[in-house]
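Observations on the three-dimensional arrangement
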Protein chains: 12
Amino acid sequence: MTDRTYRVTEIVGTSGESLDQAIRNGIMRASQTLRHLDWFEVTEIRGHIDAGEIAHYQVGMKVGFRLEDS
Amino acid sequence: MTDRTYRVTEIVGTSGESLDQAIRNGIMRASQTLRHLDWFEVTEIRGHIDAGEIAHYQVGMKVGFRLEDS
Amino acid sequence: MTDRTYRVTEIVGTSGESLDQAIRNGIMRASQTLRHLDWFEVTEIRGHIDAGEIAHYQVGMKVGFRLEDS
Amino acid sequence: MTDRTYRVTEIVGTSGESLDQAIRNGIMRASQTLRHLDWFEVTEIRGHIDAGEIAHYQVGMKVGFRLEDS
Amino acid sequence: MTDRTYRVTEIVGTSGESLDQAIRNGIMRASQTLRHLDWFEVTEIRGHIDAGEIAHYQVGMKVGFRLEDS
Amino acid sequence: MTDRTYRVTEIVGTSGESLDQAIRNGIMRASQTLRHLDWFEVTEIRGHIDAGEIAHYQVGMKVGFRLEDS
Amino acid sequence: MTDRTYRVTEIVGTSGESLDQAIRNGIMRASQTLRHLDWFEVTEIRGHIDAGEIAHYQVGMKVGFRLEDS
Amino acid sequence: MTDRTYRVTEIVGTSGESLDQAIRNGIMRASQTLRHLDWFEVTEIRGHIDAGEIAHYQVGMKVGFRLEDS
Amino acid sequence: MTDRTYRVTEIVGTSGESLDQAIRNGIMRASQTLRHLDWFEVTEIRGHIDAGEIAHYQVGMKVGFRLEDS
Amino acid sequence: MTDRTYRVTEIVGTSGESLDQAIRNGIMRASQTLRHLDWFEVTEIRGHIDAGEIAHYQVGMKVGFRLEDS
Amino acid sequence: MTDRTYRVTEIVGTSGESLDQAIRNGIMRASQTLRHLDWFEVTEIRGHIDAGEIAHYQVGMKVGFRLEDS
Amino acid sequence: MTDRTYRVTEIVGTSGESLDQAIRNGIMRASQTLRHLDWFEVTEIRGHIDAGEIAHYQVGMKVGFRLEDS
């Protein structure tokens, strides 16, 4: 087996609903343009407040994916 | 437009139910005494355990709000 | 009252379902072998991705428990 | 001389012009409501971008001030 | 039981005598204006030196207190 | 409104003149190839020294931009 | 001489009296069940406040001890 | 001389053999698709263990490269 | 498949020879008493110097292992 | 070419005028006693406030310089 | 008044007696060879354990001192 | 036995060959001008890349040495 190399990119997923949904939304969108997504790691949990309520959650994530042999 | 200044205060929201609810509880309580709440950022996720079960979640947050022109 | 000492151990709870469930799964398993569990603190939120979807959440936690007087 | 106590509060100063001006704007606004401001410490330098240009700088600062003897 | 919310404020206690006394001085002063103080956490230990001797210790602390139901 | 996803990329802007100019140079160059730039966050301030003078400032920044719906 | 391996465990020592005593209490209790204790490193200094006074200090420590050859 | 801008990307190099080889493998693979690689900085050293032995080393790295004038 | 829980323990491996060997020595010793070792993460690289030469390398590591279903 | 070794020393430059000037002042003073200064890295941005205005900026920096072959 | 520059050096003070004494011992020794000592900041609190008791405290400190005009 | 004080200085060792050699080169050079070197701690691992290959490794280290009684 060859020694694989991975790339790590950083995204921010958002949701008006919940933390979990913000993570899933970000992963879902990233998987549309990046192949071989392998893992994620949450780096930041923030959100915007509007009129005393959470307008949307923003979850920063590092997302790792395997590079194909070139 | 004038250059706004924001203040950031730190709170801990709690809930016996879930992480999301602890965040919402903290924001809701803060919005009763602070006006112009604009964003939050989670700084710590902890909780107490009682008899092997999570008694309550404690989510530390920084909460930012706009200062009115004085 | 004597001055208590606590030990802190580190675990990773996992769940295919949600962050909250990964935390609960880890605490539940830890409480089977450790007595007097008192608090937890989340140190890391990661997960594995399979075919563009979250296969499971992995939540790293420090878990504190009271040592009995020896 | 008695042993003084200080409070530290966190603000975000903004400016469309420069980092230095964002810091000065924040300090100036804080000094309108807080007495005995003594020091500041920059904790975060961010900004918003609009149409490829910096719309405004946002500088997070801790600001310390002496509490009067009560 | 309702879900409580806490606020966290940052202070710097000082003492010419010892670390412990600087912590106690800060807590004592904070308790004169804040009710329901619940915990503290040391964030920074510094001090000033004068003529080769420690003139005073400065201990930065986060101090948490329970917000009353509003 | 759909839940947006953002990507965060890291750049280093440089300038022989000032910190502010190094930030502006980096943002300007990034905006030539990335659309919808939304915010930046300074992560590192360094520089090279030549003959006892600052030859150029190097400012590391995270730059966030909105991903278009795919 | 063989290459030794050490284990590091985390404890929280407490005392109603002082920081130093909280450290000593934690080490003393740990030494009742762990052999070959070699070093400690303070990771956290906290405490509980009751009626405006420090009820007890809590000092988090990593404690290292040599594993015996197996 | 114009003021250059650099991009920083994050990769994970792996090797079954050694730390140094994991770094070299990652750099080698990155240089196949990125031009003007200029520096790297190790951010994380991890690895997988299989049957009590290190199956492979995983070294996280930031890799910087100069952007061409556009 | 059930949701697994992992424990993370911290060790320090040492070697008079090299970083890689210090890591391997620590893992090897840990695998004599812990089953299902799954991953490691380096947290600290230190060493002792004697007469101007490196007497031994000390590599701090977190080591994760799967808990068996109880 | 031999393998060079560098030393890193920490300084605090100050200025009543601006951040940039505080950095330049520190580098200028350091270059009077240290030869072969090669790079700097800002580690802390603070300042003193007097009568609601910034009395002086204090910029902490690490400064690296090449050691001559001995 | 000219803009002063400070140097920051790192020391480790030790004591068999207490944290406070380890800090004082380090400052006292540093003041024998460095003039114009102005402040210190604790960066690390460690210690060695011998036969289940604390053999000595080791307190890492940054110590700042004013450089004379050259 | 008197209470010793240590100084900690920061160096960067380099090597075109390997991480271990960069560490050894730095220690070797430091030991030519500093007596009583006692320990080192790696703080940063970086390197320069030239034509897709690692030109040299740069390992930042803190190096501690005992101060002689003055």
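Residues numbered from 1 in each chain as written. Chains lettered and ligands numbered in written order. Predicted model: local features only at pLDDT ≥ 70, side-chain atom pairs only at ≥ 80, totals over all residues. Heavy atoms only, no water.

For chain A, the name recorded in an unreviewed UniProt entry is Flavin-binding protein dodecin, with Nonomuraea thailandensis as its organism.

A few words now on the relation of the copies chain A and chain B. Superposition record for chain A on chain B: RMSD 0.0 Å, screw rotation 120°, translation along axis 0.0 Å. When the rotation and shift are considered jointly, the pair of chain copies conforms to a three-fold rotation axis. Both copies present different contact surfaces, since only 8% of the interface residues of chain A are interface residues in chain B too. (Least-squares fit on C-alpha atoms with pLDDT ≥ 70 in both. Contact = heavy atoms within 4.5 Å.)

Once that is clear, we can look at the pattern of salt bridges. Applying the stated rule across the entire model yields 48 salt bridges over all chains. Salt-bridge contacts for Glu 10 of chain A lead to Lys 62 of chain F; the nearest nitrogen and oxygen are separated by 3.1 Å. Residue Glu 10 of chain A is found in strand E1 (residues 5-15), and its partner Lys 62 of chain F is found in strand E3 (residues 53-66); the two belong to separate chains. The residues Glu 10 of chain A and Lys 62 of chain F share a single accessibility class, namely buried. As a salt-bridge pair, Arg 46 of chain J and Glu 41 of chain D come within 3.4 Å of each other at their nearest N and O atoms. Here Arg 46 of chain J, found in strand E2 (residues 37-50), pairs with Glu 41 of chain D, found in strand E2 (residues 37-50), and the two come from separate chains. Exposure remark for Glu 41 of chain D: the relative accessible area of 19% places this residue in the buried category. (Salt bridge = Lys/Arg side-chain N within 4 Å of Asp/Glu carboxyl O. Helix = DSSP H or I, 4+ residues; strand = E, 2+ residues; numbered from the N terminus. Buried < 20%, exposed > 50% of the residue type's maximum accessible area, 1.4 Å probe, protein only.)

Often, the extent of an interface is quoted as the loss of accessible area upon association of its parts. The interface of chain A with chain B comprises 12 residues on the first partner and 13 residues on the second. When the two sides are added together, the surface that chain A and chain B hide from each other amounts to roughly 1,200 Å², 60% of it contributed by carbon and sulfur. Counting across the chain A and chain B interface gives 1 salt bridge. Put simply, the parts of the chain that give the side of chain A that touches chain B at least two residues each are strand E2 (37-50) and strand E3 (53-66) of chain A. For the side of chain A that touches chain B, the leading source of residues is E2 of chain A, giving 6 residues. Here the residues of the side of chain A that touches chain B are counted per class, giving 5 nonpolar, 4 polar and 3 charged. (Buried area = accessible area lost by both parts, 1.4 Å probe. Nonpolar A, V, L, I, M, F, W, Y, C, P; charged D, E, K, R; others polar.)

This next bit is on the relation of the copies chain K and chain L. When chain K is fitted onto chain L, the two copies agree to an RMSD of 0.0 Å after a turn of 120° and an axial shift of 0.0 Å. In this assembly, only 8% of the residues forming the interface of chain K have copies in chain L that are likewise at the interface, indicating a heterologous arrangement.

Residues and elements named next belong to chain G. With 12 residues, helix H1 (residues 19-30) ought to run about 16 Å at 1.5 Å a step, and its terminal C-alpha atoms sit 17 Å apart, in line with that. The element H1 is largely enclosed, with a buried count of 10 among its 12 residues. Looking only at H1, the buried set comprises Leu 19, Asp 20, Gln 21, Ala 22, Ile 23, Asn 25, Gly 26, Ile 27, Arg 29 and Ala 30. The backbone nitrogen of Gln 21 lies 3.1 Å from a side-chain oxygen of the residue at the head of H1, namely Ser 18. (Expected span 1.5 Å × (residues − 1). Polar contact = N/O pair within 3.5 Å; in protein donor to acceptor, adjacent residues only side chain to side chain.)

The next point concerns the pairing of strand E2 (residues 37-50) of chain B. As judged from the 3 bridges shared by E2 of chain A and E2 of chain B, these two strands associate in the antiparallel manner. Looking at E2 of chain B, one finds that His 48 of chain A is bridged to Trp 39 of chain B. Direction of pairing for E2 of chain B relative to strand E3 (residues 53-66) of chain B: antiparallel, over a ladder of 12 bridges. Within the sheet, the bridge partner assigned to Phe 40 of chain B lies in E3 of chain B and is Val 63 of chain B. Connecting E2 of chain B to the next strand, E3 of chain B, in antiparallel fashion are 2 residues, including Ala 51 of chain B with a positive phi near 55°. (Pairing = 2+ DSSP bridges.)

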